[in-house]
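Okay, here's what each chain looks like letter by letter:
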Amino acid sequence: MKFLGTSWSIDIPKTSSFVKVTALALFSLALLILFTRYSTTYFFLPFSSDAAVSVNASSSAVVVPSPSPPPPPNIILTPPSPSPVVETTGLLDEDGIMTDNFTVGDSSDLRLPEDFGNSSYLRGASERERVGGGARARLSVESYKVCDQRMVNYVPCLDRTSAIAKMSSSEKGEKYERHCAAEGKGLNCLVPRPKGYRRPILWPRSRDEVWFDNIPHMRLVEYKAGQNLISVKKDKFVFPSDGLQFIHGADKYLDQISAMVPDIAFGYNTRVALDIGCGVASFGAFLMQRNVTTLSIATKDIHENQIQFALERGVPAMVAVFATHRMLFPTQAFDLIHCSRCKVNFTCDDGILLLEVDRLLRAGGYFVWAAQPVFKHEEILQEQWKEIEDLASSICWKLVKKEGYIAIWQKPMNNSCYHSRDNAVHPPLCESNDDPDDVWYVGLKSCITQLPSNGYGANVSKWPARLHQPPDRLQSIKHDASLSRKELFHAESKYWNEIIDSYVRVFLWKEYNLRNVMDMRAGFGGFAAALHDLQIDCWVINVVPVNGFNTLPILYDRGLIGVMHDWCEPFDTYPRTYDLLHASGLFSIEKNRKKCNMSTIMLEMDRMLRPGGHVYIRDTVHVINELDEIATAMGWMNVQNDVGEGPNTSWRILRSEKHF
């Protein structure tokens, strides 16, 4: 027998009985040492190698958990095609089963959370890749340079002036749409922060004021002068609730809508809303206290930074434009769609923009329009009112209430009105082969999106029950699950709830003061649901990658918000807008696509992440080691942790923090 760490050996009896007794003794000794030195508080999940992190809550040492119960048959939540299993030390085998066939190692791989600030450890976190028990040379990544200071608010696919200048026409708003750089020509540096940048003011105070130095731009203040929408007070921007958009205040405005149509029932019947041309997103900001998540959208135009202001306030928002392409949301996504002085010409081009609103609006949902044509009697404005009234009627919307400067329409619950129209009536119904959930670079269509004959999407539960009740549309999405989809839905929810619970307790997530969160590969939305259940006061934008199954309809039916995106391209948001970026299994899938580059995605993550913000990536060991190198080259502070089943699995967690 050869003792580890020595160069000498001793011959001892090699009978099977002696070997078993010796193994049992070593095993008992190892357990005794672990139990006497460390408290054994740890967290694990009921299935999948991608389980909760194993960390000792009292001593902060990473420990190996007891084996988890086997998964329900055929449930597979981890990404396909993981890299080969990494051979390492531990008490669990590759299937998560306790074994007496193990190697006794040292404690050099125990990583303590207090090491987060130790730069020597951070740099050495992936010094070696444990493959076959040996070490191999790591990928060397040079440090990235900081971009020119003029790129401080750079939005890659929306700021390409050269591409926009070559356009022959932009009558329909094409110049405000995505124009991404060619492959290999994208961002290759770190977007700088403004001089004097400070940690953002925390929610809910941020609803009413943000630091001037974080968005040092006066154009919107000057353009909206006299509207009491936004103003400067000493070293802050302030956002009054009683500007021209809401004369008597945002709360009174919401009360008026509720009184006009009680069935809207904010926070019960209405959970998810869309605010078009949102300004600085005060409509969505004040709806949050009524349990409504509102996605605020606006164009990156002459108003410049209105979406940046919204995100700095801690309100869900993204840059988007009604122009020539479908919005990146599924059909029947929103319970209510709102437009107050949004300056969108809904009746142009045979009403193609209102038809897109109709596609996005849930069956039985409401469209709220607050504009001058509703109440002013000038001839030109009355003509505009007649046009939108006729168009709404032709697509079977019912004018439920008109009061003051607000008009509210309701979309039908089924197709009966559509089918009772004369065949010559315009706009026509869309062809049966049109997929209304196909949205990535898909052009707008001058037709009415038919509702499912089975009522899917129309009969969602009330909030908050809908968050955990499997929606009917779960049965209609494309998916390769061999198990009951309802079981898969519940399994994913339980899976993420236990993981996030361990993060909250071990990594002290409530001390992060999270507000703006992105899940970069959302699945059914279990991650976002867990944050809600564990009372983390934040909102989550759930991203569904284009190269996976389209689960966006499920997310919206649950009362969550999300968007379709291709991570080989930049995301349409401003720099420094998210407190936490979460990615589970994303990189091991994206790296297999020829046009995708892991460093490009990581640079985009750095652009979106606030200074002092956090990144949690769960992926294969090989991928995590590569990402560790890239993150270090970007100046992030990094720590690797085992997943809940211990170091014997092929998955790890990379926790990173962006330097403030």
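Here the structure is shown first, and the text comes after it.
Residues numbered from 1 in each chain as written. Predicted model: local features only at pLDDT ≥ 70, side-chain atom pairs only at ≥ 80, totals over all residues. Heavy atoms only, no water.

### Points about the overall build of the protein chain
In terms of regular secondary structure, the protein chain is built from 17 helices and 17 strands. Within the protein chain, the proportion of its 660 residues that are buried is 56%. Within the protein chain, counting contacts between residues at least 6 apart in sequence, those at least 24 apart form 70% of the total. As displayed, the protein chain offers around 28,800 Å² of accessible surface, 52% of which is attributable to carbon and sulfur atoms. (Helix = DSSP H or I, 4+ residues; strand = E, 2+ residues; numbered from the N terminus. Buried < 20%, exposed > 50% of the residue type's maximum accessible area, 1.4 Å probe, protein only. Contact = heavy atoms within 4.5 Å. Areas by Shrake-Rupley, 256 points an atom, 1.4 Å probe, with all protein chains shown as cover.)

### Let's talk about helix α16 (residues 598-608)
Among the 11 residues in α16, 10 count as buried, and that is most of the element. The elements touched by buried residues of α16 are β11 (516-519), β14 (578-584), α15 (586-590), β15 (609-620) and α17 (621-633).

### Here's the deal with the nonpolar core
Counting 149 residues, the largest nonpolar core has F329, F346, F367, I500, W509 and F587 as the members making the most contacts within it. With 7 residues, the single largest contributor to this core is helix α12 (residues 485-506). Two domains share this core, each providing at least three of its residues, namely domain 1 (243-420) and domain 2 (465-658). Grouped together as the second largest cluster of nonpolar side chains are 10 residues, V221, I230, F239 and F309 included. (Core = buried A, V, L, I, M, F, W, Y, C linked by side-chain atoms within 4.5 Å. Domains from an automatic or database assignment.)

### Side note on the sheet that holds strand β9 (residues 398-403)
Strand order across the open sheet formed by 7 strands is β6-β5-β4-β7-β8-β10-β9, with mixed pairing between neighbours. Two strands lie at the open edges of the sheet, namely β6 (317-319) and β9, each paired on one side alone. The sheet shows a mean angle of 20 degrees between the axes of neighbouring strands, direction not considered. The pairing of strand β4 (residues 272-276) with strand β5 (residues 293-298) spans 5 bridges and is classified as parallel. Each bridged residue has a counterpart across the sheet, and for V272 the counterpart in β5 is T293. Packed onto the sheet, helix α7 (residues 306-313) meets β5 and β6 and runs at close to 160 degrees relative to β6. Set on the sheet, helix α10 (residues 379-394) makes contact with β8 (361-370), β9 and β10 (406-410); between it and β10 the angle comes to about 15 degrees. (Pairing = 2+ DSSP bridges. Axes fitted to C-alpha atoms, helices over the stretch in contact; angles between N-to-C directions.)

### Remarks on the pattern of salt bridges
Counted according to the given criterion, the structure contains 29 salt bridges. A salt bridge links D255 to R290, with the shortest nitrogen-to-oxygen separation between them at 2.9 Å. Of this pair, D255 sits in helix α5 (residues 250-260) while R290 is found in the loop between α6 (282-287) and β5, placing the two residues 35 residues apart along the sequence. Given a relative accessible area of 38%, D255 falls into the partly exposed group. In this structure, E604 engages R607 in a salt bridge whose closest nitrogen and oxygen atoms are separated by 2.8 Å. A residue pair is termed a helical-turn pair when its members lie 3 or 4 positions apart in one helix, as E604 and R607 do in helix α16 at 3 residues. Residue classification places E604 among the buried residues on the basis of a relative accessible area of 5%. According to the relative accessible area criterion, R607 is buried, its value standing at 1%. Each of D335, R362, R466, R473 and D557 takes part in a single network of salt bridges with overlapping partners. (Salt bridge = Lys/Arg side-chain N within 4 Å of Asp/Glu carboxyl O.)

### Some thoughts on the packing of aromatic side chains
The tally for this structure, following the rule as stated, stands at 29 aromatic pairs. Aromatic pair F239 and F309: ring centres 6.1 Å apart, planes at 70 degrees, arrangement edge-to-face. Residue F239 is located in the loop between β3 (236-238) and α5, and its partner F309 is located in helix α7; the two are separated by 70 residues in the primary sequence. For F239, a relative accessible area of 3% puts it in the buried group. Arranged with centres 5.0 Å apart and planes meeting at 40 degrees, the rings of Y503 and W509 form a pair that is tilted. In this structure W509 comes out as buried when scored by relative accessible area, which is 0%. (Phe/Tyr/Trp six-rings, centres within 6.5 Å; stacked < 30°, edge-to-face > 60°.)

### Focus on the pairing of strand β16 (residues 637-642)
In terms of burial, β16 is largely enclosed, as 6 of its 6 residues are buried. In β16, alternate side chains face the same way, and those of M637, V639 and N641 on one face and N638, Q640 and D642 on the other are all buried. Here β16 pairs with strand β17 (residues 651-657) via 6 bridges, running antiparallel. Within β17, the residue paired with M637 across the bridge is E657.

### Let's talk about the packing of α16 against α17
Direction vectors running N to C along α16 and α17 enclose 55 degrees, while the axes themselves pass 10 Å from each other. As far as their axial angle goes, α17 and α16 are oblique. At the point where α16 passes α17, the crossing takes the right-handed sense. Packed against α16, whose contacting residues are M598, S599 and M602, the element α17 presents V623, E626, L627, I630 and A631 at the interface. Its residues assigned to classes, the contact of α16 with α17 shows 6 nonpolar, 1 polar and 1 charged. (Parallel < 35°, antiparallel > 145°, perpendicular 65-115°, else oblique. Left-handed = near helix turned anticlockwise from the far one by under 90°. Nonpolar A, V, L, I, M, F, W, Y, C, P; charged D, E, K, R; others polar.)

### Considering the sheet that holds β16
What the 7 strands build is an open sheet, ordered β13-β12-β11-β14-β15-β17-β16; its pairing is mixed. Strand pairing shows two members of the sheet lacking a second neighbour, β13 (561-565) and β16, which therefore form its edges. Taken pair by pair, the neighbouring strands of this sheet meet at an average axis angle of 20 degrees, ignoring direction. Sheet topology places β11 next to β14; 3 bridges connect them, and they run parallel. Opposite D519, over in β14, you have H582 as the bridge partner. Across the sheet, α12 lies against β14, β15 and β17, angled at about 130 degrees from β15, the strand it touches most. Packed on one face of the sheet, α17 meets β15, β16 and β17 and runs near 160 degrees to β15.

### What to know about helix α8 (residues 348-360)
In this model, α8 (13 residues) spans 18 Å end to end at C-alpha, consistent with the 18 Å of a helix rising 1.5 Å per residue. Judged by how many residues are buried, α8 sits mostly within the fold: 10 of 13 residues are covered. Here α8 has its buried residues at G351, I352, L353, L354, L355, E356, V357, D358, R359 and L360. At its buried positions, α8 is contacted by β4, β7 (334-340), β8, α10 and α11 (416-420). (Expected span 1.5 Å × (residues − 1).)

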